[in-house]
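The chain contents come next:
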Amino acid sequence: MPKTFVQSTEDVVKFLKDQHRLIDDLFDEVFSASTPQAREKAFVELRQLLAVHETAEEMVVHPRVRHVVADGDDIVDARLHEEHAAKEQLSKLESMDVESDEFIKELASFREAVIDHAEHEEHDEFDKLHRKLDAHELERMVKAVQAAEAIAPTRPHPGVESAGLNFAVGPFASMLDRARDLIGAAMR
């Protein structure tokens, strides 16, 4: 399973920003891996973390932003568009040979998009949520994000970006993804 542990569990904004830093670190691990096996392992961890992280944001954070942040619908719609594109890119990367130059080139492009997306989230959503919600609400949201991550799919599913679709499709997709992950790990 992905390394989702971060230090902050009392503030959803801090929690998610810490995960953004962890995602960036995992990109570094993929790029700096010294063997194909190490690169594959780091990429799987990155893929899993990105999948569960985005699902949790789609299920918990985006709906809250829509309700409490001015222009929340426009902000969330823009992030969902980015998330859909990222899921498509990640799906493409999954099918590529991690040893190929094409994989490295696509991963570098993907990393830029992920970092840009994270910056938009942090500025347009997280910071605004932090100003609107009290400490108790921010802590409750961490628990909701952690619960969503615990049951989230571990692979990208382009087209499943809304909270409703994640609740309807997510548990089944998660079960299949986690089974594929276990079988894949056993076969390595």
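If you're wondering where the values come from, they're calculated on a predicted model, not measured in any experiment.

Reading guide: rules and limits
- Residues numbered from 1 in each chain as written.
- Predicted model: local features only at pLDDT ≥ 70, side-chain atom pairs only at ≥ 80, totals over all residues.
- Heavy atoms only, no water.
- Salt bridge = Lys/Arg side-chain N within 4 Å of Asp/Glu carboxyl O.
- Helix = DSSP H or I, 4+ residues; strand = E, 2+ residues; numbered from the N terminus.
- Buried < 20%, exposed > 50% of the residue type's maximum accessible area, 1.4 Å probe, protein only.
- UniProt positions renumbered as here; feature names shortened; annotations may be inferred.
- Core = buried A, V, L, I, M, F, W, Y, C linked by side-chain atoms within 4.5 Å.
- Contact = heavy atoms within 4.5 Å.
- Polar contact = N/O pair within 3.5 Å; in protein donor to acceptor, adjacent residues only side chain to side chain.
- Expected span 1.5 Å × (residues − 1).

**Describing the pattern of salt bridges**
At step 1: A full pass over the atoms with the stated rule returns 16 salt bridges.
At step 2: Between Asp127 and Lys17 there is a salt bridge; the shortest N-O distance is 2.8 Å. Here Lys17 lies in helix 1 (residues 12-32) and Asp127 lies in helix 4 (residues 101-132), a separation of 110 residues in the sequence.
At step 3: What makes Lys17 partly exposed here is its relative accessible area of 23%.
At step 4: Taking the shortest distance from any N to any O, the salt bridge between Arg79 and Asp124 comes out at 3.2 Å. You can see Arg79 sitting in helix 3 (residues 72-94) and its partner Asp124 sitting in helix 4, a full 45 residues away along the chain.
At step 5: Its relative accessible area of 5% is what places Arg79 among the buried residues.

**Comments concerning the UniProt feature "domain: Hemerythrin-like" (unreviewed entry) in the protein**
At step 1: What UniProt calls "domain: Hemerythrin-like" (unreviewed entry) maps, in this numbering, to residues 12-128.
At step 2: As annotated, residues 12-128 has a helix share of 90% and a strand share of 0%, and its two end C-alpha atoms lie 12 Å apart.

**Here's the deal with the nonpolar core**
At step 1: Within the largest apolar cluster, 21 residues are counted, with the highest numbers of intra-cluster contacts made by Val12, Leu16, Val61, Val65, Met141 and Val145.
At step 2: Going through the elements one at a time, helix 1, helix 2 (36-68), helix 3, helix 4 and helix 5 (135-151) are the ones with two or more residues in this core.
At step 3: Val61 has contacts with Leu16, Ala56, Glu125, Phe126, Leu129, Met141 and Val145, leaving out every residue within four places of it along the chain.
At step 4: With 20 residues, the next largest nonpolar core counts Leu26, Val30, Phe103 and Val114 among its residues.

**Some details on the environment of Arg66**
At step 1: You can see Arg66 is positioned in helix 2.
At step 2: For Arg66, a relative accessible area of 29% puts it in the partly exposed group.
At step 3: Through-space distance from the C-alpha of Arg66 to that of Glu125 is 9.5 Å; in sequence the pair is 59 residues apart.
At step 4: For Arg66, the side chain forms a polar contact with the side chain of Asp73, separated by 3.0 Å.

**A closer look at helix 3**
At step 1: Under the 1.5 Å per step criterion, the end-to-end length of helix 3 is 32 Å for 23 residues, consistent within 8% with the ideal 33 Å.
At step 2: Among all positions of helix 3, only Gly72, Ile75, Val76, Arg79, Leu80, Glu83, Lys87, Leu90 and Leu93 are buried.
At step 3: In this structure, the buried residues of helix 3 make contact with helix 2 and helix 4.

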